[in-house]
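# Topology and contacts: notes
Below, each chain spelled out in residue letters.
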Amino acid sequence: MAMAAAEARLRQEKVKKFEDFVDRRLKPDLVNAIAQRDNLFQQQKTFLDLKKNIENLEKNGVTSMRSMVNLGSEVYMQAEVPDTRHIFVDIGLGFHVEFTWQEALQFISVREARLARQIDEYTHLIASIKAQIKMGM
């Protein structure tokens, strides 16, 4: 009888340790991985929008345009773009590169492929963490 009680107590301690591990390690890792993947989805959407805009400019032969630019805090100003054939693209880490439309489209396709791979990696990581959490529950 005492042996059964000791085994039950040991089992309870192991369950408690695993629950603590899930709460302290796995759940924060899961939240972080989901946030990182959401950030990648946002970047993917931004590049898709840029690609569509470039294709529309090309299709319609637009070489100059006027636009409203958000200066911050929802304050807008009218801007004139005298030559749309060259655009600046944020390539990361605060750097912008001047591209022609074709160069920008090539860069976007490379970046989209990389983002898709990263999204897949995070999706697998999220599934793995969720499986570890469910295994212990």
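Here we summarise the structure given alongside this text. Remember, it's a predicted structure, so these values are computed and weren't measured experimentally. (Residues numbered from 1 in each chain as written. Predicted model: local features only at pLDDT ≥ 70, side-chain atom pairs only at ≥ 80, totals over all residues. Heavy atoms only, no water.)

Taken as a whole and judged by the stated rule, the model has 7 salt bridges. Asp 20 is the salt-bridge partner of Lys 16, the closest N and O atoms lying 3.2 Å from each other. With Lys 16 and Asp 20 both in helix H1 (residues 2-60), this residue pair falls 4 residues apart, about one helical turn. One salt bridge in this structure joins Lys 27 and Asp 23, with 3.4 Å as the shortest N-O distance. (Salt bridge = Lys/Arg side-chain N within 4 Å of Asp/Glu carboxyl O. Helix = DSSP H or I, 4+ residues; strand = E, 2+ residues; numbered from the N terminus.)

In this structure, the largest pocket spans a volume of roughly 170 Å³. What lines the largest pocket is Leu 57, Met 65, Ser 67, Val 69, Ala 79, Val 81, Thr 84 and Ile 87. Put simply, the parts of the chain that give the lining of the largest pocket at least two residues each are strand E1 (65-72) and strand E2 (75-81). With 3 residues, the top contributor of residues to the lining of the largest pocket is E1. Grouping the constituent residues of the lining of the largest pocket by class yields 6 nonpolar, 2 polar and no charged. (1 Å grid on protein atoms, 1.4 Å probe; cavity = no way out; pocket = protein on both sides within 12 Å on 5 of 7 lines; lining within 4 Å. Points joined across faces, edges and corners; volume = space filled by probe spheres on them. Nonpolar A, V, L, I, M, F, W, Y, C, P; charged D, E, K, R; others polar.)

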